[in-house]
Amino acid sequence: MDAAPAPGTDAATRPTVRRRPWITVVKTAGDADGHHPTDPAVRRFWTAVVGPGAVADLLRLVAAASSGRPLRRPLHLDTLIAEGLVTAAAGVVAAPTTIPLLDAGQRRRLHPALRAEYCALLAATGTVG
């Protein structure tokens, strides 16, 4: 059995590894009816739609936008863009201050029990979605 290469040596890095570029994250105004990023509904329902990694990346983007610090390009950025959660152009990503409500198509992708829970949450908060 061979020992692992010493950190910092060329042998320690696979040839397929690419460094993710740094991006700038800016704040954009979110929907007034959206969820606050720390709202448990974001993790509960958006995770069911885009997955836990994408939700974690979204929350990191929101935090970076609030603090004004750069961030390595998230692995799930393309998923977040496709779902309309963030926008990106020329190395700048715009992250919302509030996470949008699930649209009708996204709600249809939820398990029926989770969909009913989400609809009950919207009804309880008086939000039209």
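Residues numbered from 1 in each chain as written. Predicted model: local features only at pLDDT ≥ 70, side-chain atom pairs only at ≥ 80, totals over all residues. Heavy atoms only, no water.

(A) Structural detail: the overall build of the protein. Across its full length, the protein carries five helices and four strands. Counting only residues that meet the buried cut, the protein has 33% of its 129 residues in that class. Looking at the protein alone, contacts between residues at least 24 apart form 66% of all its contacts between residues at least 6 apart. Of the roughly 8000 Å² of accessible surface on the protein, a fraction of 57% belongs to carbon and sulfur atoms. (Helix = DSSP H or I, 4+ residues; strand = E, 2+ residues; numbered from the N terminus. Buried < 20%, exposed > 50% of the residue type's maximum accessible area, 1.4 Å probe, protein only. Contact = heavy atoms within 4.5 Å. Areas by Shrake-Rupley, 256 points an atom, 1.4 Å probe, with all protein chains shown as cover.)

(B) Focus on the pairing of strand β4 (residues 92–96). The element β4 is largely enclosed, with a buried count of four among its five residues. Direction of pairing for strand β1 (residues 22–28) relative to β4: parallel, over a ladder of five bridges. Its bridge partner being in β4, Val26 is matched across the sheet by Ala94. Connecting the antiparallel pair strand β3 (residues 87–89) and β4 is a turn made up of two residues, with Ala90 showing a positive phi of about 50°. (Pairing = 2+ DSSP bridges.)

(C) Up close: the pairing of β1. Pairing of β1 with strand β2 (residues 71–72), which is carried by two bridges, proceeds in the antiparallel orientation. Residue Trp22 lies in a different strand from β2, and its bridge partner there is Arg72.

(D) Seen up close, the packing of aromatic side chains. Within this structure, the stated rule accounts for one aromatic pair. Aromatic side chains Phe45 and Tyr118 sit 4.8 Å apart centroid to centroid with 65° between the ring planes, which places their arrangement in the edge-to-face category. Residue Phe45 is found in helix α1 (residues 40–50), and its partner Tyr118 is found in helix α5 (residues 112–125); the two are separated by 73 residues along the sequence. A relative accessible area of 3% places Phe45 in the buried class. (Phe/Tyr/Trp six-rings, centres within 6.5 Å; stacked < 30°, edge-to-face > 60°.)

(E) Representation of the sheet that holds β3 in the model. Strand order in the open sheet made by the four strands is β2-β1-β4-β3, with mixed pairing throughout. One side of each edge strand has no neighbouring strand; the edge strands of this open sheet are β2 and β3. Pairing of β3 with β4 involves three bridges; the strand directions are antiparallel. The residue of β4 that forms the bridge with Ala89 is Val92.

(F) Representation of the nonpolar core within the structure. Counting 30 residues, the largest nonpolar core has Val25, Trp46, Leu61 and Val86 as its most contacted members. Beyond its immediate chain neighbours, meaning those up to four positions away, Trp46 contacts Ala41, Gly51, Val55, Glu83, Leu85, Ile99, Pro100, Leu101, Leu102 and Gln106. (Core = buried A, V, L, I, M, F, W, Y, C linked by side-chain atoms within 4.5 Å.)

(G) Representation of the pattern of salt bridges in the model. Scanning the model with the defined rule gives four salt bridges in all. The partner of Asp78 in a salt bridge is Arg73, with the nearest N and O atoms 3.0 Å apart. Under the relative-accessibility criterion, Asp78 is labelled exposed at 52%. Exposure remark for Arg73: the relative accessible area of 26% places this residue in the partly exposed category. A salt bridge links Arg109 to Glu83, with the nearest nitrogen and oxygen atoms 3.0 Å apart. In this pair, Arg109 sits in the loop between α4 (104–108) and α5 while Glu83 sits in the loop between α3 (77–82) and β3, placing the two residues 26 residues apart along the sequence. (Salt bridge = Lys/Arg side-chain N within 4 Å of Asp/Glu carboxyl O.)

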